[in-house]
Amino acid sequence: MDQTDLITAKRPWLLWLSVAANALILPLLRLAEHFSGPCGDGLCDFFFVWAILLLCLFFAFVLAVAGLLRRERPLWIVLCHVPLLGVVAVLVGL
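Residues numbered from 1 in each chain as written. Predicted model: local features only at pLDDT ≥ 70, side-chain atom pairs only at ≥ 80, totals over all residues. Heavy atoms only, no water.

Visitor: Help me out: how do you make sense of the pattern of salt bridges in this one?
Guide: In a structure, side chains of opposite charge can pair up when their charged atoms sit close to one another. All told, the structure shown has one salt bridge when counted by the stated rule. Notably, a salt bridge pairs R70 with E72, separated by 2.7 Å at the nearest N-O pair. For E72, a relative accessible area of 0% gives the class buried. (Salt bridge = Lys/Arg side-chain N within 4 Å of Asp/Glu carboxyl O. Buried < 20%, exposed > 50% of the residue type's maximum accessible area, 1.4 Å probe, protein only.)

What follows is the structure, encoded as structure tokens:
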């Protein structure tokens, strides 16, 4: 390994932003539930909620990959996604 890789380790901004994108799923779903009105069949916000979920996951994935490609350190930040996604899966009912 070259010494310049160790010296030029980038600050982990993109990795932390990817964790924040995962953490935003629950507040955004709560806001969607709060502002939804009554609906006859219960599917009025179905696609909107799935769009929120998939967009947050997409941005979290893109930011995490970009952070890893930039060689941001420490790498344990990527492991913060696991408990967050576990909580989201349990609360959403997946």
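What follows continues from the structure just given.
Visitor: When you look at the state of the cysteines in this model, what are you seeing that I'm missing?
Guide: Structurally, a disulfide amounts to a covalent bond that connects the sulfur atoms of two cysteines. Under the defined criterion, the tally for this structure stands at one disulfide. Paired through a disulfide, C39 and C44 show a sulfur-sulfur distance of 1.8 Å. Disulfide C39-C44: the torsion about the S-S bond is 70 degrees, which places it as right-handed. (Disulfide = S-S within 2.5 Å.)

Visitor: Sorry if this is basic, but what is going on with the packing of helix α3 (residues 25-35) against helix α5 (residues 81-92) here?
Guide: Two numbers describe how α3 lies on α5: the axes approach to 10 Å, and their chain directions differ by 25 degrees. Classified by the angle between their axes, α3 and α5 sit roughly parallel to one another. Here α3 contributes I25, L26 and L29 to the contact with α5, which in turn contributes V87, V88, L91 and V92. (Axes fitted to C-alpha atoms, helices over the stretch in contact; angles between N-to-C directions. Helix = DSSP H or I, 4+ residues; strand = E, 2+ residues; numbered from the N terminus. Parallel < 35°, antiparallel > 145°, perpendicular 65-115°, else oblique. Contact = heavy atoms within 4.5 Å.)

Visitor: I'm lost on the environment of A60 in this one. Help?
Guide: Structurally, the position occupied by A60 is in helix α4 (residues 46-69). We classify A60 as buried; its relative accessible area is 4%. Setting aside residues no more than four positions away along its own chain, A60 makes contact with S18, A21, N22 and H81.

Read these as layout, nothing more, since geometry by itself doesn't imply function.
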